Amino acid sequence: MKLESELQSLCRRLPQLGELLERDDFVALIAACPRPLVADTLRSALENLRHQIKQGTHTDESVDHRVAQLCRNVELQLRSHLRPSLRKVLNATGVILQTNLGRAPLSDAALQRIAEVAGGYCNLEMDLETGDRGRRDVHVEALILRVLASRIGTPIETFSELRGAAVVNNCAAATLLALNTLAEGGEVIVSRGELVEIGGGFRIPEILRKSGAILREVGTTNRTRIADYADAVTPQTRLILRVHRSNFRIEGFTSQPTLAELIELGSEVSVPVFEDQGTGCLIPLDEHGIRDESHWAEDAGSGVALIACSGDKLLGGSQCGILAGEHDVIERIRANPLFRALRVDKLAYAALETTLLQYLSEHEAEIPAIAMLRLPADVVKQRCETLAEQLRSPDLSVDVVAVESVIGGGTTPSASLPSFAVALQHARMSEGALAALLRSGDPPVVGRATNGRVLFDLRTISAREDHLLFQSVQSSLERIGAPSSTHPRSVAE
Ligand SMILES: *Cc1c(COP(=O)(O)O)cnc(C)c1O
């Protein structure tokens, strides 16, 4: 234990804040950074040091050393404070629509349109013909209907005559709005096999309650028949709800009426059918070996009164929720005050409109999520081999291995695509430590850590970013030093 007087004399070695700020190194730092930010950070660094001294861990020499290092430490701290928290990440997980990593990357055309529209003013709510106030959602309404009609293969006139579309903040918002508009105070019939949790706290029973509707569960977890729905219809029934089982599958002794059967029942008893479809899928998936996956356009054309999907799942656009359905249903949705509260901004419209135009002109191969999905495995393999060649070193054993990429984003969990990955194994690091090191890179690289190795599935890396991936991994490995180091430093340093 140090004497109180010794501790006081150590504390006296700490210069005053004002004095330090006059020191040459701090003067130089203040030339580059606002003085109050520097002063604040320095104040807490000094506080920290004083605290350590009181713990008895310091000597005259160590205090002097820390004082000499103060400016450098303050600079490092400031640099981390001034770095955006939301950063570009290289997704090497092989999950194409990964919610934690921001779901669908936007196409070049969509990005360009965002810059064009949001860098200045735009006609978001102005009718340029009359100069009067317009509606923001008219920009995409006709386009949504046109794209749906073209994908179903029906003439646009017959399809759009009685239909409309509206856009809100995400699919959860679209579902809430639909239930509140169509069923508040009344009953909604749902199968027990569809009372799902999508993730991020979106649970159908809770959303239903919040919407003011009353849940009327029918059937069992594994089997629900059309008769179960029919038996549950009462004068209080406002809606039949179908929820796409996005993130799980029920196998074995199961049954579920088709959407067509629900629509037929709905029309017999005059109750509309609403489908929470989720994915917004507009492309055929069976050619990728993925069967029984719901298709937004097919379902939208099947006679449902209303359908909701996300903009940033398989559709490959911006975050939003798209509602499409009967004209009068869409008008009731627009008249709901919640619609205004859930509206989207011009950036989302710009990206969504461009993405939909890419479908309409059959250029959807330019949408990154679609391009990744269609990327042949042997192309991925070739890129993996090139990267493996570059990365191999005495410390790092590198192989190319066959893996399965996952579509994600509400597509059936078994929807996987044959792919290849670079497998990295470090001589002195566990897979967890190596994965953490690579996540600390610039840009961070996120892979899959498994069985002592970290796997990089290049399907979810754009080919033009292969080199960036290489550089990030290379410099992360350099940071932990040469193999001769007797005590390998931990990643946290
Ligand atoms: C993903 C999904 C949602 C939630 O969509 P967000 O756009 O994330 O709000 C709702 N319903 C289904 C069926 C989904 O797949």
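Keep in mind it's a predicted model, so treat the numbers as computed, not measured.

1. Considerations on the pattern of salt bridges
A side chain with one charge may pair with a side chain of the opposite charge, provided their charged atoms come close. For the structure on display, the rule yields 32 salt bridges. Here R23 and D25 are joined by a salt bridge, their closest N and O atoms 3.0 Å apart. Note that R334 and E331 form a salt bridge whose closest N and O atoms lie 3.0 Å from each other. Here R334 and its partner E331 are both found in helix α14 (residues 327–335), three residues apart, which amounts to about one turn of the helix. With relative accessibility at 13%, the residue R334 sits in the buried group.

2. Quick look at the pairing of strand β12 (residues 396–408)
Of the pairings in the sheet, the one linking strand β2 (residues 95–97) to β12 comprises two bridges and is parallel in character. The residue bridging V95 from the neighbouring strand is V406, located in β12. Inspection of the sheet shows β12 paired to strand β13 (residues 416–426) by 11 bridges, in the antiparallel sense. Within the sheet, the bridge partner assigned to S405 lies in β13 and is L417.

3. Examining the sheet that holds strand β10 (residues 306–310)
Taken together, the seven strands give an open sheet; going across it, the order is β3-β11-β10-β9-β8-β4-β7, and neighbouring strands pair in mixed fashion. Of all the strands in the sheet, just β3 (163–168) and β7 (214–218) have a single pairing partner and so form its edges. Adjacent strand axes in the sheet meet at a mean angle of 20 degrees, parallel and antiparallel pairs treated alike.

4. Some remarks on the environment of L338
Relative to the elements of secondary structure, L338 occurs in helix α15 (residues 337–341). L338 gets classed as partly exposed once you look at its relative accessible area, which sits at 28%. On a C-alpha basis, the gap between L338 and T181 in space is 9.0 Å, while along the polypeptide they are 157 residues apart. Every residue in contact with L338, bar those within four places of it in the chain, is listed here: L177 and N180.

5. Observations concerning the side chain of S419
Within the secondary structure, S419 is located in strand β13. Here S405 takes part through its side chain, which lies 3.3 Å from a polar atom of the side chain of S419. In terms of polar contacts, S419 uses its side chain to reach the side chain of D457, at 2.9 Å. In this structure, S419 is in contact with A377, V380, V401, A402, V403, E404, S405, D457 and R459, ignoring residues within four places of it in sequence.

6. What to know about the sheet that holds β12
Adjacent strands of a sheet form backbone hydrogen bonds with each other and so pair up, either parallel or antiparallel. Pairing within the open sheet is mixed, and its five strands lie in the order β2-β12-β13-β16-β15. The open sheet has two edge strands, β2 and β15 (448–450), and neither has a second partner. Strand-to-strand twist across the sheet, computed as the mean angle between neighbouring axes with direction ignored, equals 35 degrees. Both β13 and strand β16 (residues 453–457) contribute to a ladder of four bridges, which runs antiparallel.

7. What to know about the side chain of T175
By the secondary structure assignment, T175 is in helix α9 (residues 171–183). For T175, a relative accessible area of 1% corresponds to the buried category. Not counting residues within four places of it along the chain, the set of residues in contact with T175 comprises F202, I207, F274, D276 and A308.

The rules we used
- Residues numbered from 1 in each chain as written.
- Predicted model: local features only at pLDDT ≥ 70, side-chain atom pairs only at ≥ 80, totals over all residues.
- Heavy atoms only, no water.
- Salt bridge = Lys/Arg side-chain N within 4 Å of Asp/Glu carboxyl O.
- Helix = DSSP H or I, 4+ residues; strand = E, 2+ residues; numbered from the N terminus.
- Buried < 20%, exposed > 50% of the residue type's maximum accessible area, 1.4 Å probe, protein only.
- Pairing = 2+ DSSP bridges.
- Axes fitted to C-alpha atoms, helices over the stretch in contact; angles between N-to-C directions.
- Contact = heavy atoms within 4.5 Å.
- Polar contact = N/O pair within 3.5 Å; in protein donor to acceptor, adjacent residues only side chain to side chain.

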